[in-house]
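Next come the chains, spelled out residue by residue.
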Amino acid sequence: MLRRALSLLLTACALCALLAPSSLAATIQSNQAVYHLSQDPDGTESFLYSPTLSHTLTLLPPGTVVRSDLGNQIIVERFTYRSSSGYWALENTLTSQEHLTVRDHNYIYHVITQDPHSSQAMDAGVWVRASGSGGLNTTTITGEPVDEWAVDLVNEAIAMNLMPARLKGQDLRGSISRLQFASLAVRLYEAMGGEAISAPSHTPFTDTSDPEAGKAWALGLTAGTSATTFSPSQSISREQAATMLAAVYRKLGGSVEGQSGSFADDSSIASWAKSSVYFMARHDIIVGTGNNRFSPQRSAQRQSCLIMALRMFQTLNPTD
């Protein structure tokens, strides 16, 4: 009897542990909004926002994740210090973010709860900054691992809303898959002025029913890897990336015909990809890999593809 009672008590305790919400290290509040922190704050610090305005920010250990009590509804404003003026100035804004990872002390972040039905702020927000910058792997503003050389450009691509959901939470230093690149290409097409794309009711592919693959196929950005396969998990090569970006450009009304160049490994570039490769290289959308080589069969990195999309969005008009 005693053994049965103990067993029931342990079961009840285990059930309570499963049902109890996981607690975060701390919270900070602005008006009625609550912001959850994954680590305890290290203190506060004041800073000048303009000649007449100053704010007090919360210092956080590097790597601290900030979330709103509304889950994925926050606006993040990132500020950098301008030595010419002596004040912190707005660099970019991200809307509809799930969280903010405070990466280092070079930036001040203004985190604001967002109206779930619009991109408008619901409160005054909180100001946060990392208390130090040592010992943390480089990450994007939203927490994805990324190489140091790429972090600012990738953050800019994120701020331009070019990063598809397929890349959120991924290690951006890794190879991009065909499905991830298809999602990026569709997002780029829509951002550059193309109409919003709906997934088709059917595709010829038997290995995926993902709507992003269907959208890319419907746009004519890819025909798949065979008559019936898309190969969603297969890595995409640099020459394939150039070709799909060229397809986006053509769909927007641009022309990539008649381009030529002289990469040292030109003979390794597939004939069907050459016009796209050299067109994208001429416009600095895709750069070489050193020693005047393009490395056409090398797998494309997720971070590099985001930067390609950013450069194309910023510099390449379909009427060029």
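Just so we're clear, the structure is a prediction, and the values are computed from it rather than from any experiment. (Residues numbered from 1 in each chain as written. Predicted model: local features only at pLDDT ≥ 70, side-chain atom pairs only at ≥ 80, totals over all residues. Heavy atoms only, no water.)

Asker: Looking at this structure, I do not really get the nonpolar core. What am I missing?
Answerer: Generally speaking, a soluble globular protein has its nonpolar side chains buried in company with each other. Core analysis: the biggest nonpolar cluster contains 78 residues, and Phe181 and Met312 have the highest contact counts within it. If we skip the residues at most four places from it in the chain, phenylalanine 181 touches Ile176, Ile236, Ala241, Met244, Leu245 and Cys305. If you look at the next biggest cluster of nonpolar residues, it comprises seven residues, including Leu57, Leu59, Trp88 and Ile108. (Core = buried A, V, L, I, M, F, W, Y, C linked by side-chain atoms within 4.5 Å. Buried < 20%, exposed > 50% of the residue type's maximum accessible area, 1.4 Å probe, protein only. Contact = heavy atoms within 4.5 Å.)

Asker: I'm lost on the environment of threonine 229 in this one. Help?
Answerer: Take threonine 229: it is sitting in the loop between helix 4 (211-219) and helix 5 (238-251). Assessed through its relative accessible area of 22%, threonine 229 is described here as partly exposed. For the pair threonine 229 and threonine 208, spaced 21 residues apart in sequence, the C-alpha separation works out to 7.9 Å. Looking at threonine 229, its side chain comes within polar contact range of the side chain of serine 226, at 2.5 Å. (Helix = DSSP H or I, 4+ residues; strand = E, 2+ residues; numbered from the N terminus. Polar contact = N/O pair within 3.5 Å; in protein donor to acceptor, adjacent residues only side chain to side chain.)

Asker: Just checking my understanding: could you explain the packing of helix 3 (residues 178-191) against helix 7 (residues 302-315) for this structure?
Answerer: Helix packing geometry: the angle between the two helix axes and the distance between the axes. Across the interface, helix 3 lies against helix 7 with an axial gap of 10 Å and an inter-helix angle of 15°. As judged from the angle between their axes, helix 3 and helix 7 are roughly parallel. Between helix 3 and helix 7 the crossing geometry is right-handed. Seen from helix 3, the contacting residues are Gln180, Phe181, Leu184, Leu188 and Ala191; seen from helix 7, they are Arg302, Cys305, Leu306, Ala309, Met312 and Phe313. The residue inventory of the contact of helix 3 with helix 7, partitioned by class, reads nine nonpolar, one polar and one charged. (Axes fitted to C-alpha atoms, helices over the stretch in contact; angles between N-to-C directions. Parallel < 35°, antiparallel > 145°, perpendicular 65-115°, else oblique. Left-handed = near helix turned anticlockwise from the far one by under 90°. Nonpolar A, V, L, I, M, F, W, Y, C, P; charged D, E, K, R; others polar.)

Asker: Is there a simple way to explain the pattern of salt bridges in this structure?
Answerer: Side chains that differ in sign of charge can pair as their charged atoms come close. Summed over the entire model, instances satisfying the criterion amount to seven salt bridges. The shortest N-O distance in the salt bridge between aspartate 171 and arginine 173 comes to 2.9 Å. In this structure aspartate 171 comes out as partly exposed when scored by relative accessible area, which is 29%. In this structure arginine 173 comes out as partly exposed when scored by relative accessible area, which is 34%. Among the ionic pairs, lysine 274 bridges to aspartate 266, the shortest N-O distance being 2.9 Å. Of the residues examined, aspartate 266 reaches a relative accessible area of 22% and is grouped as partly exposed. (Salt bridge = Lys/Arg side-chain N within 4 Å of Asp/Glu carboxyl O.)

Function-wise, these values are silent; they only describe arrangement.
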